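Okay, here's what each chain looks like letter by letter:
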Amino acid sequence: MRFLFVLEHFPPYVGGVETLFGHLVTKLAYEGHQVTVVTSRLAGTAARETWNGATIVRVATPPFLVRYAFTLLAIPHAIRHARGVDVVHTTLYNAAFAGWIGARLARACSILSVLEVFAEQWSTLPGMGRVSGLLHRLFEWAALRLPFDHFVCISEFTRGRLVRNTRIPENRTSVVYPAVDYAFWDRNRHAPAPLREMLGLPKDCFLYLYFGRPGVSKGVEYLIEAASFVSAKLANSRLILILGTDPQAQVQSIRRHIERLGLTERIVISPPVPRETLPEWLLAADCVVVPSISEGFGYSAVEAASLGCKVIATNGHAIAEVIPDGAIFVPPRSPRALADAIVAANDTPTPPRPEPRYTLENHLDRMLKVYEHSCAS
């Protein structure tokens, strides 16, 4: 088959969505399918290249309003590269409009991956004002009204939110869990990094760690507030934040929040760690914290649990679905509940490592069935 993926970001950009589509594109190309990806161009990347057997077309965007510029600038590229393809697959939000237009003009099968549906939650997310929340909700509403042939959700939680907040019939939706690289997230493959020595901390310092994007739904602000409670009970403790660089405004907001609370000596902010050494950092920490307000799947929680780390996560969204027995759960938006669980982590047994449910083979098999069913409809 011939595929076009229209994606706001793609590797080497680091994130759960990029991991998902990096696996899928690689496997499809390896299986002999013709694959093209239209995505935004990162600094240091070529405008056009071959990546693991797929053709990658990178769209240059201005340095301001990058995400929204991609929404418009990707349209001509999507139209051009959709000609002659069987399937156009894109994602909710900034890539959806270009993907749908390309598929419609080319009369190709159109697939939308739905990672999260925030709906009424938009106006309650940290840093999201009333007007901004309303505009984001309208944008989401418009994108979900595009008549895609099929909607692929990454969890039952996400599908439930999609069906409840739209008029999309359930028979036009599927749940296809993302793939997890269990061979990589194998505890026997990695040794803990000498993290305390690297950071100049005492050997008995209690370390709790967050890694991932600092998005508005990730709950990092609540974890920072929890750090003040943890410090009061565990004077010899540090929170390690391994933060992605995008969105930059959110990174700066987090830094200001730490300064306002007087926690600069208690929290260490690290730039993104190379994927090859990231498990070593996680294994060096006493626990990994995932304080999300909402998660469509929760890559960081699944990966840390697969590695055998002690995971403290929030409930009420997909993490409790995908690793129900692989984490210690607390309510979202509760700094004190997070702090209590973190402090108790030393005396709490590590949950058993989850079974490897989310394999690449299962993901590809389910996606091919979605493609074949949608194209035949």
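Before any of the text, the structure's been laid out above.
Scanning the protein from N- to C-terminus turns up 13 helices and 14 strands. The globule rule puts the C-alpha radius of gyration for 377 residues at 21 Å, and the 21 Å found for the protein is close to it. Counting only C-alpha atoms and orienting by the principal axes, one finds that the protein spans roughly 60 × 45 × 40 Å. For the protein, the proportion of its 377 residues judged to be buried stands at 55%. Within the protein, contacts between residues at least 6 apart in sequence are counted, and of these 69% link residues at least 24 apart.

Before going further, it helps to examine helix H1 (residues 16-30). Under the 1.5 Å per step criterion, the end-to-end length of H1 is 21 Å for 15 residues, consistent within 8% with the ideal 21 Å. Residues of H1 that are buried: Glu18, Leu20, Phe21, Gly22, His23, Leu24, Val25, Lys27, Leu28 and Ala29. Remark: glycine 32 follows H1 within two positions and exhibits a positive phi of approximately 100°.

Over its 17 residues, helix H2 (residues 66-82) runs 23 Å from end to end, which matches the ideal 24 Å to within 8%, given 1.5 Å per residue. Taken together, the buried positions of H2 are Ala69, Phe70, Thr71, Ala74, Ile75, Ala78, His81 and Ala82. Just downstream of H2, glycine 84 is the residue with a positive phi angle, here 85°.

Time to look at the packing of aromatic side chains. Throughout the structure, instances matching the rule amount to 15 aromatic pairs. Both rings, one in tyrosine 93 and one in tryptophan 122, keep their centres 6.0 Å apart while their planes meet at 80°; by these two values the pair is edge-to-face. Here tryptophan 122 lies in the loop between strand S6 (109-114) and helix H4 (130-144) and tyrosine 93 lies in the loop between strand S5 (87-91) and helix H3 (96-106), a separation of 29 residues in the sequence. With respect to class, tyrosine 93 is no different from tryptophan 122; both count as buried. Taken together through their ring pairs, the aromatic side chains of Phe3, Phe5, Phe21 and Tyr371 make up a single cluster. Between the NZ or CZ atom of arginine 275 and the centre of the ring of phenylalanine 184, over which it lies, the distance is 3.8 Å. Across the ring face of phenylalanine 229, the terminal group of arginine 336 is positioned such that the distance to the ring centre comes to 4.1 Å.

Turning our attention to a nonpolar patch on the surface. On the surface, a nonpolar cluster with roughly 410 Å² of combined accessible area is contributed by Val131, Leu134, Leu135 and Leu138. Following the sequence through the fold, leucine 134 ends up in helix H4.

Formed by 62 residues in total, the largest nonpolar core has its most connected members in Phe5, Leu282 and Tyr371. One finds Leu92, Tyr93, Tyr210 and Ala227 within the second-largest nonpolar core, a separate group that totals 49 residues.

Strand order in the open sheet formed by six strands is S11-S10-S9-S12-S13-S14, and the pairing between neighbours is parallel. In this open sheet, the two strands that pair with only one neighbour each are strand S11 (267-270) and strand S14 (328-330). Ignoring strand direction, the axes of neighbouring strands in this sheet form an average angle of 25°. As defined by bridge partners, strand S13 (residues 311-314) adjoins S14 across three bridges and the pair is classed as parallel. Looking at S14, one finds that alanine 313 is bridged to phenylalanine 329. Sitting on the sheet, helix H7 (residues 220-233) is in contact with strand S9 (206-212), strand S10 (237-243), S11 and strand S12 (287-290), with an inclination near 165° to S10.

Judged from the four bridges that link them, S10 and S11 form a sheet pairing that is parallel. Bridge assignment links isoleucine 240 to a residue of S11, and that residue is valine 268. Handedness of the crossover joining S10 and S11 through helix H8 (residues 248-260): right-handed.

Interhelical geometry of H2 versus H3 gives an angle of 30° and a closest axis separation of 8 Å. In terms of orientation, H2 lies roughly parallel with respect to H3. Between H2 and H3 lies a crossing of right-handed hand. Each of Thr71, Ala74, Ile75, Ala78, Ile79 and Ala82 in H2 lies in contact with H3, whose residues at this interface are Phe97, Ala98, Ile101, Gly102, Ala103, Leu105 and Ala106. Split by residue class, the contact of H2 with H3 holds 11 nonpolar, two polar and no charged.

Scoring rules and cut-offs
- Residues numbered from 1 in each chain as written.
- Predicted model: local features only at pLDDT ≥ 70, side-chain atom pairs only at ≥ 80, totals over all residues.
- Heavy atoms only, no water.
- Helix = DSSP H or I, 4+ residues; strand = E, 2+ residues; numbered from the N terminus.
- Rg over C-alpha atoms; globule rule 2.2 N^0.38 Å.
- Buried < 20%, exposed > 50% of the residue type's maximum accessible area, 1.4 Å probe, protein only.
- Contact = heavy atoms within 4.5 Å.
- Expected span 1.5 Å × (residues − 1).
- Phe/Tyr/Trp six-rings, centres within 6.5 Å; stacked < 30°, edge-to-face > 60°.
- Lys NZ or Arg CZ within 6 Å of the ring centre and 35° of its normal.
- Patch = residues over 30% accessible without salt bridge, like charges linked within 9 Å, V, L, I, M, F, W, Y side chains within 5 Å.
- Areas by Shrake-Rupley, 256 points an atom, 1.4 Å probe, with all protein chains shown as cover.
- Salt bridge = Lys/Arg side-chain N within 4 Å of Asp/Glu carboxyl O.
- Core = buried A, V, L, I, M, F, W, Y, C linked by side-chain atoms within 4.5 Å.
- Pairing = 2+ DSSP bridges.
- Axes fitted to C-alpha atoms, helices over the stretch in contact; angles between N-to-C directions.
- Right-handed = clockwise from strand over helix to strand, strands pointing away.
- Parallel < 35°, antiparallel > 145°, perpendicular 65-115°, else oblique.
- Left-handed = near helix turned anticlockwise from the far one by under 90°.
- Nonpolar A, V, L, I, M, F, W, Y, C, P; charged D, E, K, R; others polar.

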